[in-house]
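# Remarks on the overall topology
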Amino acid sequence: MYDVVALGELLIDFVHQGNNDVGYPLMQGNPGGAPGNFLSTLSKFGAKTGFLGKVGSDRFGRMLVKTFRDAGVETKGILVDDRYFTTLAFVTLDDSGDREFSFARKPGADTMLTIDELPKDLVTETKVFHFGTLSMTGEPARSTTKEAVRMAKEAGAMITFDPNLRRPLWSSMELAREQMLWGLRHADVVKIGQDELEFIFEGQDFKDSAKKLVEDFGVKLVFATMGKEGCYFINRQGSGQVPTFQEVKTIDTTGAGDIFGGSAVYQVFASGIAPEQLSTERLAEIVRFANAAASLSTTKHGGIPSIPSKEEVEAFLSRGE
């Protein structure tokens, strides 16, 4: 039995590392993809994890499989396909470390995962099943994602969801909103950005939108991240907001949201308490831990390479007490 299994994109992030003498960006390659960052965080904290996805039969694909194997993630669900290239993401940074994305994905191998390629045991023998929307931007991966969510839910898994809106990958914003709403209606725990809530619910106050997810969509727990402002959380027990840590020196925010999500889900899972029954006091502790993990990750480059250990997070928190 796995603790957490995720389905989605595996890709290489090429991150801006300054410019050459004619102004073009110098890029550094790192393993990436939101579900991979999420899972690697959980694995680093001691959870038994597995991944479902597809990469190309190229150097980047082979490197990604090795990276996740080395990170302790079960890789038997990562298929290597010689018909497609591994997806590449190019992440340029502004002076504050905020990102802009461009993608080489027409199609990327991750979009071509089919239902009959899913290892059924990885889908049905897990306590938590996680997905995002990058696997829902087109077929066949969209139908595969939805079938995997159905199978995992039927088998009794807790479903976690991160919309992770990447506008360049959608043919229309209407389709993006439609698929994000589908994910929200099938999730137990949601990690979502303030900007994503405002996009989905067309400018409504994001706290009201988070409340709507709990009251009208049946989501049991919502983590609404607010960048440098921290995180707002809400479940049936109440709501609250926890600030982030401003004292760290941020150099790269790549993967920080995914590391927050993995850290928060790890803490929820480790608590042994149903997400809808967690008290506001316990949730504040969970968010503080996840904020610390995400903040520490921004002091290093890349997603997976920047994940702190649980001991590093705890030591950081103890220094602030």
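See the structure shown above.
Throughout what follows, the structure given in this document is the object of discussion. Predicted model, so just to flag it, every value in this text is computed and none were measured. (Residues numbered from 1 in each chain as written. Predicted model: local features only at pLDDT ≥ 70, side-chain atom pairs only at ≥ 80, totals over all residues. Heavy atoms only, no water.)

### Some details on the pairing of strand S12 (residues 221–225)
Every regular strand shows the same layout, with side chains that alternate between the two sheet faces. Put simply, the rule is: Accessibility here uses a 1.4 Å probe with only protein chains present; expressed as a share of the type maximum, an area under 20% marks a residue as buried, one over 50% as exposed, and anything in between as partly exposed. Put simply, DSSP marks the helices as runs of H or I at least four residues long and the strands as runs of E at least two long, and each gets a number from the N terminus on. Two strands are said to pair when DSSP picks up at least two bridges between them.
Across the five residues of S12, five count as buried, placing the element largely inside the fold. Every second residue of S12 is oriented toward a common face, with Leu-221, Phe-223 and Thr-225 on one face and Val-222 and Ala-224 on the other, all of them buried. Bridging between strand S11 (residues 189–193) and S12 involves five bridges; their strand directions are parallel. Across the sheet, residue Lys-191 finds its bridge partner in S12, namely Phe-223. Two strands pair when backbone bridges link them, and S12 and strand S13 (residues 231–235) are joined in this way by five bridges, in the antiparallel orientation. Bridging from a neighbouring strand, Ala-224 pairs with Tyr-232 of S13. With antiparallel pairing between neighbouring strands as the criterion, S12 and S13 make up a hairpin whose turn holds five residues, including Gly-227 at a positive phi of roughly 60°.

### Brief notes about the nonpolar core
Let me state the cut-off plainly: For the purposes of this section, nonpolar cores are sets of buried Ala, Val, Leu, Ile, Met, Phe, Trp, Tyr and Cys residues that join through side-chain atoms within 4.5 Å.
Grouped together as the largest cluster of nonpolar side chains are 50 residues, with contacts concentrated most on Phe-223 and Phe-260. Here this core gets nine residues from one element, more than from any other, and that element is helix H9 (residues 280–297). With 44 residues, the next largest nonpolar core counts Ala-157, Ala-176, Ile-200 and Ile-234 among its residues.

### Section: the pattern of salt bridges
Rules: When a carboxyl oxygen of Asp or Glu is within 4 Å of a side-chain nitrogen of Lys or Arg, the pair counts as a salt bridge.
Under the counting rule described, the total for this entry stands at 15 salt bridges. For Arg-282, the salt bridge identified is with Glu-285, shortest N-O distance 3.3 Å. Remark: Glu-285 and Arg-282 occur in helix H9; sequence separation between them is three residues, near one turn of the helix. You can call Arg-282 partly exposed: its relative accessible area is 23%. Through salt bridges with shared partners, a single network forms among Lys-54, Asp-81, Arg-83 and Glu-117.

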